[in-house]
Amino acid sequence: QVQLVESGGGLVQSGGSLRLSCVVFGNIDTINIVAWYRQAPGKGREFVADIITHPGSTNYADSVKGRFTISRDNAKNTVFLQMNSLKPEDTAVYYCYAEDVLTGLGYWGQGTQVTVSS
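For clarity, every value in this text was computed on a predicted model and none was experimentally measured.

Draft legend 1. Examining the overall build of the protein chain more closely. The number of helices and strands found in the protein chain is zero helices and eleven strands. Written out in order from the N terminus, the α and β elements of the protein chain read β-β-β-β-β-β-β-β-β-β-β. Taking 118 residues into account, the globule formula puts the C-alpha radius of gyration at 13 Å, and the protein chain, at 14 Å, falls close to it. By the burial criterion, 42% of the 118 residues in the protein chain qualify as buried. Expressed as a percentage of contacts within the protein chain between residues at least 6 apart in sequence, the contacts between residues at least 24 apart total 52%. Here the protein chain has roughly 6200 Å² of accessible surface; of this, 49% comes from carbon and sulfur atoms. Charge centroids of the protein chain, computed over 9 positive and 10 negative side chains, lie 7 Å from each other.

Draft legend 2. Geometry of the side chain of Asn32. Mapped onto the fold, Asn32 is located in strand β4 (residues 31-39). The residues contacting Asn32, other than those within four sequence positions of it, are Ile51, Ile52, Thr53, His54, Glu99 and Val101.

Draft legend 3. View of the environment of Val5. With respect to the helices and strands, Val5 occurs in strand β1 (residues 2-7). As a C-alpha pair, Val5 and Thr78 span 73 residues in sequence and 9.4 Å in three-dimensional space. Contact partners of Val5, with chain neighbours within four places excluded, come to Ser21, Cys22, Val23, Phe25 and Gln110.

Draft legend 4. Highlighting the state of the cysteines. One pass over the full model with this rule turns up one disulfide. A sulfur-sulfur distance of 2.0 Å marks the disulfide that ties Cys22 to Cys96. Disulfide Cys22-Cys96: the torsion about the S-S bond is -80°, which places it as left-handed. Residue Cys22 is found in strand β3 (residues 18-26), and its partner Cys96 is found in strand β9 (residues 92-100); the two are separated by 74 residues along the sequence. Across the pair, Cys96 and Cys22 agree in class, each one buried.

Draft legend 5. Expanded view of the layout of surface pockets. Taken as a whole, the largest pocket spans an internal volume of roughly 290 Å³. Ile28, Ile31, Thr53, Arg72 and Asn74 are the residues nearest the centre of the largest pocket, which is lined by 17 residues in total. Here the lining of the largest pocket gets three residues from one element, more than from any other, and that element is β4. Of the residues that constitute the lining of the largest pocket, the class distribution is seven nonpolar, seven polar and three charged.

Draft legend 6. Local environment of the pairing of strand β6 (residues 57-60). The pairing of strand β5 (residues 45-52) with β6 spans four bridges and is classified as antiparallel. The residue bridging Ala49 from the neighbouring strand is Tyr60, located in β6. Count of turn residues in the β5/β6 antiparallel hairpin: four residues, of which Gly56 carries a positive phi of about 80°.

Draft legend 7. Focus on the sheet that holds β3. Pairing is antiparallel in the open sheet, where four strands are placed in the order β1-β3-β8-β7. The sheet is open, and its two borders are formed by β1 and β7 (68-73), each paired with just one other strand. Pairwise comparison of adjacent strand axes, ignoring direction, gives a mean angle of 20° for this sheet. Relative to β3, β1 runs antiparallel, the two being bridged by six bridges. Bridge pairing in β3 places Leu4 opposite Val24.

Basis of the calculations
- Residues numbered from 1 in each chain as written.
- Predicted model: local features only at pLDDT ≥ 70, side-chain atom pairs only at ≥ 80, totals over all residues.
- Heavy atoms only, no water.
- Helix = DSSP H or I, 4+ residues; strand = E, 2+ residues; numbered from the N terminus.
- Rg over C-alpha atoms; globule rule 2.2 N^0.38 Å.
- Buried < 20%, exposed > 50% of the residue type's maximum accessible area, 1.4 Å probe, protein only.
- Contact = heavy atoms within 4.5 Å.
- Areas by Shrake-Rupley, 256 points an atom, 1.4 Å probe, with all protein chains shown as cover.
- Lys, Arg positive; Asp, Glu negative; His and termini not counted.
- Charge placed at Lys NZ, Arg CZ, Asp CG, Glu CD.
- Disulfide = S-S within 2.5 Å.
- 1 Å grid on protein atoms, 1.4 Å probe; cavity = no way out; pocket = protein on both sides within 12 Å on 5 of 7 lines; lining within 4 Å.
- Points joined across faces, edges and corners; volume = space filled by probe spheres on them.
- Nonpolar A, V, L, I, M, F, W, Y, C, P; charged D, E, K, R; others polar.
- Pairing = 2+ DSSP bridges.
- Axes fitted to C-alpha atoms, helices over the stretch in contact; angles between N-to-C directions.

Laid out in structure tokens, this is it:
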């Protein structure tokens, strides 16, 4: 079983920065993908960024390229999302997602609220 715990959300002014953290607990040996998704009020959940253990690549949604950076600290089983130049349209609940490469099972965190004021 895998559990994800996000933190780091909050209220920030437009142009500001936040860093989200996602700590992965449990049997993480076969977790190959950790991603961030977000869901704004009245909208569906959308992909933001992911980091893939093998081959060690990252991917970003076009809307956040150049502003957000996903990274990981393997020693702390933690994945970060550094968000710079935030815009009001980045306001959403941000969710961490992890996928087990062997079972295909996916796991979600509880979400952390990010609010960007104009």
